[in-house]
Amino acid sequence: VGVGGSGRKSTTTLATFVVEYQLFQIEIAKGYGLNEWHEDMKTLLMSAGAKFKNMVFLFPDTQIANETFLEEVSSILNTG
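Residues numbered from 1 in each chain as written. Predicted model: local features only at pLDDT ≥ 70, side-chain atom pairs only at ≥ 80, totals over all residues. Heavy atoms only, no water.

### Thoughts on helix 2 (residues 34-49)
Turning to step 1, where the next piece is worked out: Spanning 16 residues, helix 2 covers 22 Å between terminal C-alpha atoms, matching the ideal 22 Å at 1.5 Å per step.
Turning to step 2, where the next piece is worked out: Listed as buried for helix 2 are Trp37, Met41, Leu44 and Ser47. On an axial view of helix 2, the arc spanned by its buried residues comes to 130 degrees, and they lie on one face.
Turning to step 3, where the next piece is worked out: For helix 2, the secondary structure elements touched by its buried residues are strand 1 (22-25), strand 2 (55-58) and helix 3 (67-79). (Helix = DSSP H or I, 4+ residues; strand = E, 2+ residues; numbered from the N terminus. Expected span 1.5 Å × (residues − 1). Buried < 20%, exposed > 50% of the residue type's maximum accessible area, 1.4 Å probe, protein only. Arc of directions from axis to C-beta. Contact = heavy atoms within 4.5 Å.)

Here is the structure:
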């Protein structure tokens, strides 16, 4: 939420540090596909669910390489 260049990432990173949560951010590189996405999501969800770590998932619009990524995040948020 908010326009580019408004400090969303910096604010999120600072807030994550203040509340002592762990920041999880995906870095899209050449060749990053659905298999890598699913492995990253598994890592995030296992950390938050099985290891009981407080996590913040930062997923900026610049990292959306495939529309499926967004659909899956939406599905996780809607179903839990």
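Don't stop here, the text continues.
### Focus on the pairing of strand 1
Turning to step 1, where the next piece is worked out: Bridging between strand 1 and strand 2 involves 4 bridges; their strand directions are parallel. In the strand pairing of strand 2, glutamine 22 is matched with methionine 55.
Turning to step 2, where the next piece is worked out: In this fold, the crossover linking strand 1 to strand 2 by way of helix 2 has right-handed handedness. (Pairing = 2+ DSSP bridges. Right-handed = clockwise from strand over helix to strand, strands pointing away.)

### As for the nonpolar core
Turning to step 1, where the next piece is worked out: Counting residues in hydrophobic clusters, the biggest one holds 10 residues: Phe24, Ile26, Tyr32, Trp37, Met41, Leu44, Met55, Phe59, Phe69 and Val73.
Turning to step 2, where the next piece is worked out: Going through the elements one at a time, helix 2 and helix 3 are the ones with two or more residues in this core.
Turning to step 3, where the next piece is worked out: Ranked by residue count, the leading element in this core is helix 2, at 3 residues.
Turning to step 4, where the next piece is worked out: Once you skip the residues sitting within four places of it in the chain, tryptophan 37 turns out to touch Ile26, Tyr32, Phe57, Phe59, Phe69, Glu72 and Val73. (Core = buried A, V, L, I, M, F, W, Y, C linked by side-chain atoms within 4.5 Å.)

### Side note on the packing of aromatic side chains
Turning to step 1, where the next piece is worked out: Taken as a whole, this structure holds 5 aromatic pairs when the rule is applied.
Turning to step 2, where the next piece is worked out: A centroid spacing of 6.2 Å and a plane angle of 40 degrees characterise the contact between phenylalanine 24 and phenylalanine 57, whose relative ring orientation is tilted. Residue phenylalanine 24 is located in strand 1, and its partner phenylalanine 57 is located in strand 2; the two are separated by 33 residues in the primary sequence.
Turning to step 3, where the next piece is worked out: Judged by relative accessible area, which is 14%, phenylalanine 24 ranks as buried.
Turning to step 4, where the next piece is worked out: A centroid spacing of 4.4 Å and a plane angle of 10 degrees characterise the contact between tryptophan 37 and phenylalanine 69, whose relative ring orientation is stacked. Linking tryptophan 37 in helix 2 with phenylalanine 69 in helix 3, this pair joins segments that are 32 residues apart in sequence. Neither tryptophan 37 nor phenylalanine 69 differs from the other in exposure class; each is buried.
Turning to step 5, where the next piece is worked out: Of the aromatic side chains, those joined through ring pairs into one cluster are Phe24, Tyr32, Trp37, Phe57, Phe59 and Phe69. (Phe/Tyr/Trp six-rings, centres within 6.5 Å; stacked < 30°, edge-to-face > 60°.)

Geometric descriptors of this kind do not, in isolation, establish any biological role.
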